[in-house]
Amino acid sequence: MTGAQDSGLDRPNRLAHIVIWFGIAITAFPLWVAFVASTLPNQEIAQVPMRLIPGGLGPEVYASVLGVGGNNRSVGMPVSLMMWNSLVMAVIIAVGKIVISLMSAYAIVFFRVPGRDVLFWMIFVTLMLPVEVRIIPTLKVVTDLGMLNTMAGLTIPLIASATATLLLRQFFMTIPDELVEAAKMDNAGPVRFFFDVVIPLSTTTIAALFVILFIYGWNQYLWPLLITTDQRMTTIVIGIAKMIDTAGGPTDWNRVMATATLALMPPVLVVVLLQKWFVKGLVETEK
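Quantities reported herein were computed from a predicted structural model and do not represent experimental measurements.

Conventions used here
Residues numbered from 1 in each chain as written. Predicted model: local features only at pLDDT ≥ 70, side-chain atom pairs only at ≥ 80, totals over all residues. Heavy atoms only, no water. Helix = DSSP H or I, 4+ residues; strand = E, 2+ residues; numbered from the N terminus. Rg over C-alpha atoms; globule rule 2.2 N^0.38 Å. Buried < 20%, exposed > 50% of the residue type's maximum accessible area, 1.4 Å probe, protein only. Contact = heavy atoms within 4.5 Å. Areas by Shrake-Rupley, 256 points an atom, 1.4 Å probe, with all protein chains shown as cover. Patch = residues over 30% accessible without salt bridge, like charges linked within 9 Å, V, L, I, M, F, W, Y side chains within 5 Å. Salt bridge = Lys/Arg side-chain N within 4 Å of Asp/Glu carboxyl O. Axes fitted to C-alpha atoms, helices over the stretch in contact; angles between N-to-C directions. Parallel < 35°, antiparallel > 145°, perpendicular 65-115°, else oblique. Left-handed = near helix turned anticlockwise from the far one by under 90°. Core = buried A, V, L, I, M, F, W, Y, C linked by side-chain atoms within 4.5 Å.

Caption draft 1: Region of interest: the overall build of the chain. Looking only at helices and strands, one finds 15 helices and zero strands in the chain. For 287 residues, the compact-globule formula gives about 19 Å, and the C-alpha radius of gyration of the chain, at 24 Å, lies well above that figure. In terms of its C-alpha atoms, the chain occupies a principal-axis envelope of roughly 80 × 75 × 30 Å. Relative to its 287 residues, the chain shows a buried fraction of 35%. Contacts in the chain between residues at least 24 apart in sequence constitute 70% of all its contacts with a sequence separation of at least 6. As presented, the chain carries roughly 16,900 Å² of accessible surface, and 70% of it is formed by carbon and sulfur atoms.

Okay, structure coming up:
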């Protein structure tokens, strides 16, 4: 009887594991195809169906794209340099968004100023404006300030974040009022309370936001496409697009797939390293 009950209880667990592994397989299969294609000659990639066993060109192709980049028809920049540009841009955007959002959310929650709710809703309304609506005036401002082909031009216009402000505000509202009163009794001013109490309590939320915002900055395509004309400022996403010949000429698909595989590494590494904090920051409700 007990064995039958245990079997009945285990059946939903087995079904859940089957669904999970099925989802993993669907997600991982295109990545495996990209990796295998990066190790094959272009002639074998064009075959239908393409084989799913890695070939022997992997080390040669990866060393080539890291050191040289695309061919003469494409961007012609080393992938290592493009990845460095994307890494710097993503880190600056993520850190800048978090710093500004921390200060704005702190001011909205803990400072009793007239119209603070109106200010918050003005920030919130910007979530309804797609990037395309404000990209032309933003480009005009950046051009007038002489920030084309600069890291400042790539990052500063993308630093403000209504989403991060909203999430941090919701978390700050869960901080007990007793902590605020205790800080006042200890003669702790707003700055000390911010750094000694609010920031330590927000560690997991900040980590979760960093993961989300880093991936957001890393995957930027439209803004870097408009703001950069110098090849030395090319990001990895733009580099992949330029490596694909859209004029009907041949494309070195093994180089494209190798570059795409390398472009996955930094976001995956960030997610893996911050996985525990990321999950805890998203699901933890009691602080």
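Next comes the rest of the account.
Caption draft 2: Here's a closer look at a nonpolar patch on the surface. A contiguous nonpolar surface patch, about 590 Å² in accessible area, is contributed by Trp 84, Leu 87, Val 91, Val 95, Val 99, Ile 100 and Met 103. Along the chain, Val 99 falls in helix α4 (residues 79–110).

Caption draft 3: Spotlight on the packing of helix α13 (residues 236–243) against helix α14 (residues 253–273). At a minimum axis distance of 10 Å, the contact between α13 and α14 shows a crossing angle of 165°. With respect to α14, the element α13 is oriented roughly antiparallel. Crossing hand, α13 versus α14: left-handed. Mapping the contact onto sequence places Ile 236, Ile 240 and Met 243 in α13 and Arg 255, Val 256, Thr 259, Ala 260 and Ala 263 in α14.

Caption draft 4: Seen up close, the nonpolar core. Ranked by internal contacts, the top residues of the largest apolar core, which has 40 residues, are Phe 110, Phe 172, Val 198 and Ile 236. Those elements that provide at least two residues to this core are α3 (58–67), α4, α8 (162–172), α9 (177–185), α10 (190–201), α11 (203–218), α13 and α14. Per-element accounting of this core gives the leading share, eleven residues, to α4. Setting aside anything within four residues of it in sequence, one finds Phe 110 in contact with Arg 116, Phe 172, Ile 175, Val 180, Phe 193 and Val 198. Ranked by size, the runner-up nonpolar core spans eleven residues in total, among them Val 142, Leu 158, Trp 223 and Met 233.

Any functional reading would require information that these geometric values do not contain.
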